[in-house]
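Coordinate analysis (summary)
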Amino acid sequence: MISLTAADGHRLTAYRAGPQDAPRALVVAQEIFGVNRHIRSVCDRFAAEGFAVIAPALFDRVGPGIELGYEAADVAQGRELRGKIDAGLTVLDILAAAAALPRAARRGIVGYCWGGTVAWHGATRTSAFAASSGWYGGGIAAAKEEAARCPVQLHFGETDASIPMTDVAAIRAAQPGVEVHVYGGGHGFGCDERGSYVEADYALAQKRTLEFFAKHL
């Protein structure tokens with residue numbers, strides 16, 4: 001764990017992994033469950049592929065060291081915490097993480113759940129990233145008219161109860177230049193600690209994500 005300082009002076013922790021002389025680097029944006037064991041494992045997988053990785057603790061805006069599980073009470077708490085954090089401040093946190101990545105590296109951002117929306121904001125509200133991949137970001141539809149400043153790839157689950165296919169269709173219509181993939185699973189299909197995990201969907205989405213970053217980073 002390392003410490004970062006955002007542009008507004010806020011200090012936050014972050015998980016760092018991977019070679020610090022890597023030519024490619026990623027900010028990993030968390031789910032609504034914090035930089036927990038799953039998100040750290042996500043970082044470690046990207047690190048094993050040669051990326052320098054930093055996952056900022058976005059919940060530090062509310063309180064330090066928040067890590068949740070995946071039971072119903074955790075979901076409720078995660079949603080409540082996310083609702084207390086302004087999206088503009090979250091952008092400052094991902095920018096602080098990007099600045100802490102190796103100076104010479106090409107930077108991308110990948111995010112999951114809430115972090116999928118954060119990754120979209122990283123593409124549309126900053127110029128810090130050369131590519132952005134968002135997995136089941138529920139807030140993307142509300143910001144679908146924002147212009148991306150880098151290539152974007154999005155992943156959604158067909159049976160996601162929180163992101164209807166009408167939202168995905170609206171995103172596609174508003175963003176014809178964005179790469180959108182839909183899988184058979186539901187929300188969180190890429191998290192192997194959730195009951196909604198679908199191994200085949202995860203494997204394909206991860207393959208596409210790695211290929212996307214190999215192309216653009």
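Refer to the structure above for everything that follows.
Calculation rules
Residues numbered from 1 in each chain as written. Predicted model: local features only at pLDDT ≥ 70, side-chain atom pairs only at ≥ 80, totals over all residues. Heavy atoms only, no water. Helix = DSSP H or I, 4+ residues; strand = E, 2+ residues; numbered from the N terminus. Buried < 20%, exposed > 50% of the residue type's maximum accessible area, 1.4 Å probe, protein only. Contact = heavy atoms within 4.5 Å. Areas by Shrake-Rupley, 256 points an atom, 1.4 Å probe, with all protein chains shown as cover. Lys, Arg positive; Asp, Glu negative; His and termini not counted. Charge placed at Lys NZ, Arg CZ, Asp CG, Glu CD. Phe/Tyr/Trp six-rings, centres within 6.5 Å; stacked < 30°, edge-to-face > 60°. Expected span 1.5 Å × (residues − 1). Pairing = 2+ DSSP bridges. Axes fitted to C-alpha atoms, helices over the stretch in contact; angles between N-to-C directions. Right-handed = clockwise from strand over helix to strand, strands pointing away.

The helix and strand tally for the protein chain stands at six helices and eight strands. Taken from the N to the C terminus, the helices and strands of the protein chain come in the order β-β-β-α-β-α-α-β-α-β-β-α-β-α. Over its C-alpha atoms, taken along the principal directions, the protein chain stretches across nearly 40 × 40 × 30 Å. When burial is assessed residue by residue, the protein chain has 54% of its 217 residues classed as buried. Here the contacts in the protein chain between residues at least 6 apart in sequence split such that 70% fall between residues at least 24 apart. If you sum the accessible surface of the protein chain, you get close to 8900 Å²; carbon and sulfur atoms cover 50% of it. Here the protein chain contributes 21 positively and 23 negatively charged side chains, and the mean placements of these two sets differ by 6 Å.

The next point concerns the packing of aromatic side chains. Here the structure, examined in full by the defined rule, presents twelve aromatic pairs. Ring centres of Phe46 and Phe51 lie 5.9 Å apart, and the angle between their planes is 90°; this geometry places the pair in the edge-to-face category. Overall, Phe46 belongs to the buried group, its relative accessible area being 0%. Taken together, the ring pairs in this structure connect Tyr112, Trp135, Tyr136, Tyr183, Phe189, Tyr197 and Tyr202 into an aromatic cluster.

What follows is about helix H1 (residues 37-48). Taking 1.5 Å per residue as the helical rise, H1 with its twelve residues ought to reach 16 Å, and the 16 Å between its terminal C-alpha atoms agrees with that figure. Of the positions making up H1, those classed as buried are His38, Ile39, Val42, Cys43, Phe46 and Ala47. Residues of H1 that are buried in the fold lie against strand S2 (11-17), strand S3 (24-29), strand S4 (52-56), strand S5 (106-112) and helix H6 (199-216).

Counting through the fold element by element, Trp120 comes out in helix H4 (residues 114-124). Since its relative accessible area comes to 1%, Trp120 is described here as buried. Measuring from C-alpha to C-alpha, the distance between Trp120 and Ile66 comes to 23 Å, with 54 residues separating the pair along the chain. Not counting residues within four places of it along the chain, the set of residues in contact with Trp120 comprises Ser132, Ile140, Ala143, Lys144, Glu146, Ala148, Val152, Gln175 and Val178.

In a beta sheet, neighbouring strands are held together by backbone hydrogen bonds and run either parallel or antiparallel to one another. Within the open sheet, the eight strands sit side by side as S1-S2-S4-S3-S5-S6-S7-S8. Their pairing is mixed. With one partner strand each, in any of the chains shown, strand S1 (2-5) and strand S8 (179-183) form the two edges of the open sheet. Put simply, the sheet's adjacent strands are angled 25° from each other on average, direction ignored. By the bridge criterion, four bridges tie S1 to S2 in an arrangement that is antiparallel.

Below, the discussion takes up the pairing of S4. Among the five residues that make up S4, five are buried, leaving the element largely enclosed by the rest of the structure. What you see with S4 is no split at all: Ala52, Ile54 and Pro56 on one side and Val53 and Ala55 on the other are buried throughout. Relative to S4, S2 runs antiparallel, the two sharing four bridges. Opposite Tyr15, over in S4, you have Ala55 as the bridge partner. Taken together, S3, H1 and S4 constitute a β-α-β crossover, and its handedness is right-handed.

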